[in-house]
Amino acid sequence: MHEFSIALEIVDTLQKNEYLEGVKSVDEIKLNIGKYSGVDKNYLIFAFQNLDDERFKDVLLNFISNDGDEITIQEILVD
Amino acid sequence: MLNSSRRRVGRSLSIQRNALETNEAIANKNKRLFGKAFVINFLSSPGSGKTSLLESIVPILKSDGFKPAVIEGDVETDLDKKRIDELDIPAYQIVTNGTCHLDAKMVNGALNNLNRKDADIIFIENVGNLVCPTSFNLGEDIKAVVLSVTEGDDKPLKYPAAFYKSKVMIINKIDLLPFLDSSITKIKENALSVNKDLAIFETFCKKNEKAGNIENNGLSDFISFMENNINSKVSK
Ligand SMILES: Nc1nc2c(ncn2[C@@H]2O[C@H](COP(=O)(O)OP(=O)(O)OP(=O)(O)O)[C@@H](O)[C@H]2O)c(=O)[nH]1
Ligand SMILES: [Mg+2]
């Protein structure tokens, strides 16, 4: 189940680009997930539920689908 | 996990970034480290014949004057690397300890250990799994998906990502077709419906086939494909 690795990559991308500075919680992540990305959305939700990171404990994943193979982070809602 | 009906009061931040950009950055480093070597990332379910293909292909590439090297990826054991060691070429085994795919960081670690100075073609045998490895760019030139006829002709439709992302599909174990209901025509039709640009090769590679006897096992076309790619990358 590579969705755990993808969840960690998403956190890493947000962290490295300083989107999590001073953030207490991430309430929502809007993700664009390609039909050919090889990602199972339910497993990705499960992965976030089980991340060892308090900031993501109540996060809602909001998916937009596309016909390609990329996974992009569109927007986040933070407190 | 929150219910979507909960009223949200937080700040909204527009991101618009590749979710896997950390992996992508390391994959780009790998690409630079690969240099002039042509790199193929083999994807397939367990047992479709990735290592067997390497055992058949490598001696021919060597006798044609090319210098292959192999990075093996497995969840457990270095059994595949031991098979490659028999071919007397540089090889390195990544053991993922349970992880179902290779990522760019693992391959970067392998590149620090693989004696690849002279290699003009590097094969990466990914973990046997038709889904998970597809999400991670390793810095390779192409992905090649191997599908054995014993897996059934519906697999390109059921696991489309591997076929969508690959440049090449190798249909292996065609020697077993007389014993199966699988249809090569159907496999090709299904794969091309996912990716119309796939280059397709039909092969078999039984252990006791004499090395170099590639007239009737379909490997010669795939070998020409690789040799052309090696030469065109070197001359760039
Ligand atoms: N009949 C027949 N058997 C094959 C062929 N290719 C591979 N095999 C057999 O299939 C089995 C699996 O082959 P491997 O080369 O180990 O497959 P693999 O994809 O490397 O497997 P993993 O690394 O475990 O994912 C072995 O018993 C091979 O001898 C083929 O073309 N025809
Ligand atoms: Mg193998």
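The structure this text deals with has already been given above.
Residues numbered from 1 in each chain as written. Chains lettered and ligands numbered in written order. Predicted model: local features only at pLDDT ≥ 70, side-chain atom pairs only at ≥ 80, totals over all residues. Heavy atoms only, no water.

A. Structural view of the overall build of chain A. Of the regular secondary structure elements, chain A holds two helices and three strands. Across chain A, helices and strands are ordered from the amino to the carboxyl terminus as α-β-α-β-β. At 12 Å, chain A has a C-alpha radius of gyration in line with the 12 Å of a compact globule built from 79 residues. For chain A, the spread of C-alpha atoms along the three principal axes comes to 35 × 20 × 20 Å. Expressed as a percentage of its 79 residues, the buried residues of chain A come to 53%. (Helix = DSSP H or I, 4+ residues; strand = E, 2+ residues; numbered from the N terminus. Rg over C-alpha atoms; globule rule 2.2 N^0.38 Å. Buried < 20%, exposed > 50% of the residue type's maximum accessible area, 1.4 Å probe, protein only.)

B. Structural view of the site of ligand 1. Residues and elements named next belong to chain B. Looking at ligand 1, there are 18 residues lining it, with K50, T51, S52, D175 and C205 nearest. Backbone polar atom of G47 to an oxygen atom of ligand 1: 3.0 Å apart, as the coordinates give it. Computed on the free molecule, ligand 1 has an accessible area of 650 Å², of which 73% lies beneath the protein chains in the complex. Contributions of two or more residues to the shell around ligand 1 are made by helix 2 (50-63) and helix 3 (79-85). The leading source of residues in the shell around ligand 1 is helix 2, at three residues. (Near = heavy atom within 4 Å. Polar contact = N/O pair within 3.5 Å; in protein donor to acceptor, adjacent residues only side chain to side chain. Areas by Shrake-Rupley, 256 points an atom, 1.4 Å probe, with all protein chains shown as cover.)

C. Broad picture of the coordination of the magnesium ion (ligand 2). All names here are of chain B. Within the first shell, the magnesium ion (ligand 2) binds the protein through T51 (OG1), D80 (OD) and E125 (OE), at distances of 2.1 Å. All donor residues of the magnesium ion (ligand 2) come from one chain, and their arrangement in sequence is T-x28-D-x44-E. Placement of D80 in helix 3 and of E125 in strand 5 (residues 121-125) is noted, with a sequence separation of 45 residues between them. Residue D80 is classed as buried on the basis of its relative accessible area, which comes to 12%. (Donors = N, O, S within 2.8 Å, 3.2 Å for Na, K, Ca; no water.)

D. View of the sheet that holds strand 8 (residues 199-202) of chain B. All names here are of chain B. One open sheet accounts for seven strands, arranged 4-3-5-2-6-7-8; its pairing is parallel. Each edge of the sheet is formed by a strand with only one pairing partner; in this case those strands are strand 4 (91-95) and strand 8. Between one strand axis and the next, the sheet turns by 20 degrees as a mean value, whatever way the strands run. Pairing of strand 3 (residues 68-74) with strand 5, which is carried by five bridges, proceeds in the parallel orientation. Its bridge partner being in strand 5, V70 is matched across the sheet by F123. Sitting on the sheet, helix 7 (residues 184-194) touches strand 6 (142-148), strand 7 (168-172) and strand 8, and the angle it makes with strand 7 is about 160 degrees. (Pairing = 2+ DSSP bridges. Axes fitted to C-alpha atoms, helices over the stretch in contact; angles between N-to-C directions. Contact = heavy atoms within 4.5 Å.)

E. Inspection of the sheet that holds strand 3 (residues 71-78) of chain A at higher detail. Spatial ordering of the open sheet is given by 2(A)-1(A)-3(A)-1(B), a layout of four strands whose pairing is mixed. The sheet is open, and its two borders are formed by strand 2 (60-66) of chain A together with strand 1 (11-18) of chain B, each paired with just one other strand. Strand-to-strand, the axes of this sheet are offset by a mean angle of 15 degrees, without reference to chain direction. Pairing geometry for strand 3 of chain A and strand 1 of chain B, over six bridges, is antiparallel. Directly across from E75 of chain A, in strand 1 of chain B, lies its bridge partner S14 of chain B. The strands touched by helix 1 (residues 3-16) of chain A are strand 1 (26-34) and strand 3 of chain A together with strand 1 of chain B; relative to strand 3 of chain A, the strand with the most contacts, the crossing angle is about 65 degrees. Of the strands in this sheet, strand 1 and strand 2 of chain A touch helix 2 (residues 41-49) of chain A, which is tilted by about 155 degrees from strand 2 of chain A.

F. Quick look at the pattern of salt bridges. With the rule as written, the count across this model stands at 17 salt bridges over all chains. R55 of chain A serves as the salt-bridge partner of D53 of chain A, at 2.9 Å between the closest nitrogen and oxygen. Judged by relative accessible area, R55 of chain A falls into the buried class, the value being 19%. Close ionic contact of R83 of chain B with D80 of chain B constitutes a salt bridge, the shortest N to O distance being 3.7 Å. Of the two residues, R83 of chain B and D80 of chain B are both situated in helix 3; the distance of three residues between them amounts to about one turn of the helix. The structure contains a network of salt bridges with shared partners spanning E55, D80 and R83 of chain B. (Salt bridge = Lys/Arg side-chain N within 4 Å of Asp/Glu carboxyl O.)

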